[in-house]
Amino acid sequence: MAASSCATPTIRKLDETVVNRIAAGEVIQRPVNAVKEMIENSLDAKSTAIQITAKSGGLKFLQIQDNGCGIRKEDMGIVCERFTTSKNSKFEDLNKIATYGFRGEALASISHVAHVTIITKTAESNCAFKAQYSDGKPKGEPKPCAGNRGTQITVEDLFYNIMTRKKALKSPGEEYAKIVDVVGKYAIHNSGVAFTVKKHGQNLGDVRTLNTSSIVDNISTIYSASIVKEILEISCDNQQYGFKMNGYITNANYSMKRLTFVLFINHRLVDSSAIRKAIDAVYSAYLPKGTHPFVYLSLEINPLNVDVNVHPTKHEVHFLHEDSIIEIIQKQLEEKLLGCNSSRTYYTQKLLPNAILETGDIIPDNSSSKTGQRVYDHQLVRTDSREQTLHAFVKPRPTTSSHASSSETGEIAASVDYSGPRNENKVIEIQDEDVTAMEISDSSGTKPGGSNTSPSPNPERREIRLSSVLELRAEIDGAEHKDLKEMLQNHKFVGCVEKSLALMQHGTRLYLTNVTSLSTELFYQIALFAFGNFGHIRLNPPAPISELALLALNAPNSGWTPEDGPKEELAEYVLKILKEKSAMLADYFSLEVDTDGNLKSLPMLLEDYVPNLNGLPMFVLRLATEVDWESEKECFQSFAKECSKFYAFKPDPYTGEETNENGHDKNWTWTVEHVLFPAFRCGLIPPKRLAEDGTLLQVANLPDLYKVFERC
């Protein structure tokens, strides 16, 4: 059986008439579209009076007459051709368009689906001219005739050549109602123009406004006088997003079954479902369920931020910052409704006979005592420190003891106790685990419970005038990122994810923060801003520096190679350097080294915080090898950096256990929440690089989450 052959179809160019009729069907979908296009042409022509007459809903007869500038006789030959317009000359004009029309398709589209007759007269012409059009072309030369200044366009037999479209339209009465509705909206927005709409053969118009009437007068004429009694004027001028808003809304005393929403953007009648939803969301708190308000809004947005060439009927426009502008509109509506809340109309019902009113059913109204704006669900933020953190939903893990014999693991075991008032000369004593007495004293050596029970007065804070330190402080201030500082100052702690990561909330955004990075920067800044004014962390007994250096050199991450020489000689070099600099270290950094080469104390950079002493050997080694001891500024800067690396809060690199923690606090989550994050809030000056290196990452945004759940 032979296979049937399939001929390749030929691509043909559509006839120009077919193309034009297809395009016309997109622009002119029903009679009201033709009316809207012709009204906008009349307004562009500076008309002050526009009259619309319709028969059979505009399908058989539709006429619009204005007193605008008219059309020149020379232009009447091309007035109904596609893409002919007097508004634009090049594509860039769309960026600053200030007229209704811009494509030159309105009359062309109408002439391809109806019979069009134009009578027009300009101020310079001695008479009017009349021409008839079909499929965008004039049927003959324009003929002189009598007529008033302006233009009269008559559209007959609309959709005579597209019968399926004509049959799909609703009844003539409904089509006429749509025409009346659109003309009424234009009449409200253009209060300086007189509008009249009437059926063919009638003397009285269904819409009739004067060019001397106000917007409120036209609202009363077109919709209802009862609306005007409950109407509120609203306005806004926002420079940040470059838009102005004016309009009228009804208060909480007025409601109707359907929302009457009149929206003009840059004087163009459009619709916006997003703004509709925002309005309903605001009024849902004020109106009975199933009822809606009357809202007329006129937005003027920078033409550069508006795209009007979106829909063939120009029914939609797109503009930048839509979500932000809608949120501002919501706030303005809310403020206006709250301001008029002193008077409300309620419909009440008397109690039935023998009905008993329980006092518990009476709910006090605290609305009068509330101030400020309404906060929507997607704008709620944490404001109470008593709110639960993540730890309330996580089963606590048992804390493992971090004490171990230094002979077995090479680690330093210690326990810490804190008490006493906060001061710069506070001393914390760290003792071996076999010593049970924990002692705290001030710098004078007086201990609680001793013979002298009254503590000695704290000496005044030393003022540092070293130019090198002042320059380093100025560099920190100069690199400040103001937005990050505001974020840290006003954050809400949410919980720890792991030892180096924690969650915090600022506004409606949730951030994942790198605690190690933030604490490193914090301790670097403390080392410079508290220069020469540190408290002491006492080591009891003192730690031999040479042994600490050997422990560090034996560690796999020390970087030692045989080419560096014997480890014992390097350990002696470390001891020699620190003994030579012991006077400066004790004076400026509270790091004391005795004559026997023992480390007696460390600087206390932050109250209630002791660094992980497992890192002490590497800290001692790096002080001798990484600090620039030759130049003053570089010396202080590199010493502060090494301190920050040692004191930074991070997982223990020597044990690999997150629950292993040296010092007084076995629960590291407590340290993060109650020691470090308060310090970030009050003392950290975040540099600009923290905004770029991933220290803070936004992981969620409440408004975006609400959008996701709205789709579900």
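What counts and what doesn't
Residues numbered from 1 in each chain as written. Predicted model: local features only at pLDDT ≥ 70, side-chain atom pairs only at ≥ 80, totals over all residues. Heavy atoms only, no water. UniProt positions renumbered as here; feature names shortened; annotations may be inferred. Helix = DSSP H or I, 4+ residues; strand = E, 2+ residues; numbered from the N terminus. Buried < 20%, exposed > 50% of the residue type's maximum accessible area, 1.4 Å probe, protein only. Contact = heavy atoms within 4.5 Å. Areas by Shrake-Rupley, 256 points an atom, 1.4 Å probe, with all protein chains shown as cover. Axes fitted to C-alpha atoms, helices over the stretch in contact; angles between N-to-C directions. Parallel < 35°, antiparallel > 145°, perpendicular 65-115°, else oblique. Left-handed = near helix turned anticlockwise from the far one by under 90°. Pairing = 2+ DSSP bridges. Core = buried A, V, L, I, M, F, W, Y, C linked by side-chain atoms within 4.5 Å. Domains from an automatic or database assignment. Salt bridge = Lys/Arg side-chain N within 4 Å of Asp/Glu carboxyl O.

The chain has the name DNA mismatch repair protein MLH1 in an unreviewed UniProt entry, where Paramuricea clavata is given as its organism. Quoted straight from UniProt, the Sequence similarities (unreviewed entry) entry for the chain says "Belongs to the DNA mismatch repair MutL/HexB family."

Within the chain, the secondary structure is distributed over 20 helices and 24 strands. Across the 712 residues in the chain, those meeting the buried criterion constitute 46%. Across the chain, every contact between residues at least 6 apart in sequence was considered, and the portion connecting residues at least 24 apart equals 69%. Of the roughly 38100 Å² of accessible surface on the chain, 50% is carried by carbon and sulfur atoms.

To continue, consider the packing of helix α16 (residues 582-589) against helix α18 (residues 632-647). α18 packs onto α16 with a crossing angle of 65° between their chain directions and a minimal axis gap of 13 Å. Accordingly, the angle class assigned to the pair α16 and α18 is roughly perpendicular. In this structure, the crossing between α16 and α18 has a hand that is right-handed. Across the interface between the two elements, Met-584, Leu-585, Tyr-588 and Phe-589 of α16 pack against Cys-635, Phe-636 and Phe-639 of α18.

Another aspect to go through is the pairing of strand β4 (residues 128-134). Counting buried positions along β4 gives five out of seven residues, so the element sits mostly inside the fold. The pairing of strand β3 (residues 115-121) with β4 spans five bridges and is classified as antiparallel. From the neighbouring strand, Ile-119 faces β4, where its bridge partner is Lys-130. In this sheet, strand β6 (residues 143-145) lies alongside β4 in antiparallel orientation, the contact comprising three bridges. Bridging from a neighbouring strand, Phe-129 pairs with Pro-144 of β6. Alignment of β4 against strand β5 (residues 137-138), held across two bridges, turns out to be antiparallel. Counted as the bridge partner of Ser-134 is Lys-137 from β5.

Before going further, it helps to spend a moment on the nonpolar core. General note: in soluble globular proteins, nonpolar side chains tend to be found buried as a group. Counting residues in hydrophobic clusters, the biggest one holds 78 residues, and the most contacted among them are Leu-599, Leu-602 and Val-672. Per element, the largest residue contribution to this core is eight residues, and it comes from helix α13 (residues 515-529). Two domains each donate at least three residues to this core, and these are domain 3 (464-531 + 648-652 + 667-711) and domain 4 (535-604 + 612-643). For Leu-599, the contacting residues outside a window of four places in its chain are Leu-539, Pro-542, Ala-543, Ile-545, Leu-548, Leu-591, Glu-592, Val-593, Leu-616 and Val-620.

Here the focus is the pattern of salt bridges. If you walk through the whole model with that rule in mind, you get 17 salt bridges. Here Lys-36 and Glu-40 are joined by a salt bridge, their closest N and O atoms 3.0 Å apart. Residue Lys-36 and its partner Glu-40 are located together in helix α2 (residues 31-44), separated by four residues, close to a single helical turn. Relative accessible area serves as the criterion here: at 8%, Lys-36 is assigned to the buried category. With its nearest N and O atoms 2.9 Å apart, the salt bridge here joins Lys-633 to Glu-475. With Lys-633 in helix α18 and Glu-475 in helix α11 (residues 467-478), the pair connects residues that are 158 residues apart, well separated along the chain.

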